[in-house]
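Summary of structural features
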Amino acid sequence: FEEAKTGLGCFKNRLKSWLSWSWTYVCAVWFAMVLTMIYVLRSPLKLQESVTAASVFLNTLTPKFYVALTGTSSLISGLILIFEWWYFRKYGTSFIEQVSVSHLRPLLGGVENSSSAGLFTSASGEVEQRPSVSECKVWRNPLNLFRGAEYSRYTWVTGREPLTYYDMNLSAQDHQTFFTCDTQQLKPEDTVMQKAWRERNPQARIRAAYQALELNHECAAAYVLLAEEEATTIVEAERLFKQALKFGMHHIRPHPQSDMRAGKDTNLLVYIKRRLAMCARKLGRIKEAVKMMRDLMKEFPLLGMLNIHENLLEALLELQAYADVQAVLAKYDDISLPKSATICYTSALLKARAVSDKFSPEAASRRGLSTAEMNAVEAIHRAVEFNPHVPKYLLEMKSLILPPEHILKRGDSEAVAYAFFHLQHWKRAEGALNLLHCTWEGTFHEVSVYPKKELPFFILFTAGLCSFTAMLAMLTHQFPDLMGIFVKAFFNTLFAPLGFFADKMESFMPSCLWYQLTRI
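Residues numbered from 1 in each chain as written. Predicted model: local features only at pLDDT ≥ 70, side-chain atom pairs only at ≥ 80, totals over all residues. Heavy atoms only, no water.

Focus: the overall build of the chain
Along the chain, the regular secondary structure elements total 24 helices and four strands. In the chain, which comprises 520 residues, the proportion classed as buried is 38%. The contacts in the chain between residues at least 6 apart in sequence include a share of 66% that link residues at least 24 apart. Total accessible area on the chain is roughly 31,100 Å²; 62% of this is exposed by carbon and sulfur atoms. (Helix = DSSP H or I, 4+ residues; strand = E, 2+ residues; numbered from the N terminus. Buried < 20%, exposed > 50% of the residue type's maximum accessible area, 1.4 Å probe, protein only. Contact = heavy atoms within 4.5 Å. Areas by Shrake-Rupley, 256 points an atom, 1.4 Å probe, with all protein chains shown as cover.)

See below:
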């Protein structure tokens, strides 16, 4: 049955790909048939008379009409250009392009080829796919805080929410995607937990978790929610996570690759172990946390998208185990792997630490940079090019805030998340911040928006169209006779191939073809 289902799925995929491939050719054939039928039916449709009448009408128009026509076209294209520019500055994309991709491309059979992998990997080693844009930019913060034990403190003091609804909604989607199964395989407590993740009110989420525990006292996902939301201290959160780990271990099947449910249970188990390691790190048991992270990475080596190595790097920096940090960087600072501010700036910190204690800008300007200093400066350049927002937070030129649960790669949110946890490590390395300041101030006077946004095609197109029609309106107003001669010559040249094609068709097809067709 499974083989038949797989074969049917492959057949459907091939059929869809064939239809998408043939759509362009079908449109071309249809367009050619329409042109042929128009030519064949030109006599009964009186196309020749219509074209002649249109030519006479256009010849009677004064140059003022053409000035008004081109001026109106220039005005409309200018308004479109202003709207496109405003939309691009506000949302970072072209409105016309977004509408084309979102609504027109699916109608034309377009398929998104690229997809970014999800945060978790199933137990069978297959990476679960998440629908996304061509490049994944929003990532879950690997060092995100605990809501009940850490984020809630800000609410108690200020009365404000530390997280946006958008951020919490992304977290709810992550939990639903990776901790619960399809609708057919949902248990009653899973149904309750699915609703719990979507609740906006924290108290409603906590009540739903207790409701799930009433249905099944071994519901590990409910304990996870209580550890994240209700626990007001890290010690209490760790206790709840240990209960979740205890019950989560019972649900791992002997052969998880044969059960989708087991894959979700494995995702939940990995999440619990990681949060337990983070609890140990926050409680000062750093060596224990490092061991737990290493064991987790060894047990699930395909979890690269989870970025556990960033947790490990931060813990090793706290231990000042710089040789181990360099070993981790050697494995993950690879051109084929996704980069992050943690990878780039930690590499820069290690190289800066080797020379920063004796670095002096005056001495360096007199004698030049040594090889080690040049390597450190190049590493800082590379880090700043990846995320130019980080130095202002490390140099305390901008105030730090609580990091969000999701970050935008190369954005300000990633800079906040990195500086929030790693500023202490830069301060511990004597002279590292001074070297960062000298390098950053001497090279990057203004923080560039990296990666630099390129103007969309439609903004350039509407700008060119507006300029071209405005120029035509001005020339037509100043030189009406000369522009009339130019336009006639242009259209005669443009339609010359069509006339040549029509003459050739006349020689191959009899003029009485329509008459013969009407007699059939």
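From this point on, the discussion continues.
Looking at the pattern of salt bridges
Applying the stated rule across the entire model yields 15 salt bridges. In this structure, Arg147 engages Glu229 in a salt bridge whose closest nitrogen and oxygen atoms are separated by 2.8 Å. Here the residue Arg147 occupies a position in helix H5 (residues 147–158), and Glu229 occupies one in helix H9 (residues 220–229), the gap between them amounting to 82 residues. The buried category is assigned to Arg147, whose relative accessible area is 11%. Each member of the salt-bridge network shares a partner with another, and the members are Arg147, Arg205, Glu229 and Glu405. (Salt bridge = Lys/Arg side-chain N within 4 Å of Asp/Glu carboxyl O.)

Things to note about the packing of helix H8 (residues 202–215) against H9
Relative to each other, H8 and H9 sit at 150 degrees, their axes nearing to 9 Å. Taken as axis vectors, H8 and H9 run roughly antiparallel relative to one another. As H8 packs across H9, the resulting crossing turns out to be left-handed. Where H8 abuts H9, its residues Pro202, Arg205, Ile206, Ala209, Tyr210, Ala212 and Leu213 lie against Ala222, Tyr223, Leu225, Leu226 and Glu229. When its residues are assigned to classes, the contact of H8 with H9 shows ten nonpolar, no polar and two charged. (Axes fitted to C-alpha atoms, helices over the stretch in contact; angles between N-to-C directions. Parallel < 35°, antiparallel > 145°, perpendicular 65-115°, else oblique. Left-handed = near helix turned anticlockwise from the far one by under 90°. Nonpolar A, V, L, I, M, F, W, Y, C, P; charged D, E, K, R; others polar.)

A short note on the confidence of the model for the chain
Taken residue by residue, the chain gives an average pLDDT of 77. The fraction at 70 or more is 73%. A low-confidence stretch, residues 108–135 stays under pLDDT 50, and its non-local contacts, those more than four residues away or across chains, total 56 contacts. Contacts of residues 445–451 to residues separated by more than four positions or lying in other chains number eleven contacts, the stretch itself having pLDDT below 50. (pLDDT = per-residue confidence, 0-100.)

Considerations on the UniProt feature "transmembrane region" (unreviewed entry) in the chain
The sites that carry the UniProt feature "transmembrane region" (unreviewed entry) are, in the present numbering, residues 21–41, 65–88, 455–476 and 482–501. For the annotated span residues 65–88, helix accounts for 100% and strand for 0% of the residues, and the straight-line distance between the end C-alpha atoms is 34 Å. Taken end to end, residues 482–501 is 95% helix and 0% strand, and its first and last C-alpha atoms sit 30 Å apart. (UniProt positions renumbered as here; feature names shortened; annotations may be inferred.)

Looking at the environment of Ala417
Its location among the elements puts Ala417 in helix H19 (residues 412–428). With a relative accessible area of 6%, Ala417 lands in the buried category. A C-alpha to C-alpha distance of 8.2 Å links Ala417 and Asn144, two positions 273 residues apart in sequence.

Details of the packing of aromatic side chains
What the rule picks out here adds up to seven aromatic pairs. A ring pair is formed by Phe83 and Trp86, whose centres lie 5.9 Å apart and whose planes are at 35 degrees; its orientation type is tilted. One end of the pair is Phe83 and the other is Trp86, both in helix H3 (residues 63–91) and three residues apart, which spans about a single turn. By relative accessible area, Phe83 is classed as partly exposed at 35%. Here Trp86 falls in the partly exposed class, since its relative accessible area comes to 44%. Residues Phe83 and Tyr87 carry aromatic rings whose centres are separated by 6.1 Å and whose planes lie at 35 degrees to one another, so their mutual orientation is tilted. Within this pair, Phe83 and its partner Tyr87 are both found in helix H3, separated by four residues, close to a single helical turn. Counting every residue linked through ring pairs, the aromatic cluster contains Phe83, Trp86 and Tyr87. (Phe/Tyr/Trp six-rings, centres within 6.5 Å; stacked < 30°, edge-to-face > 60°.)

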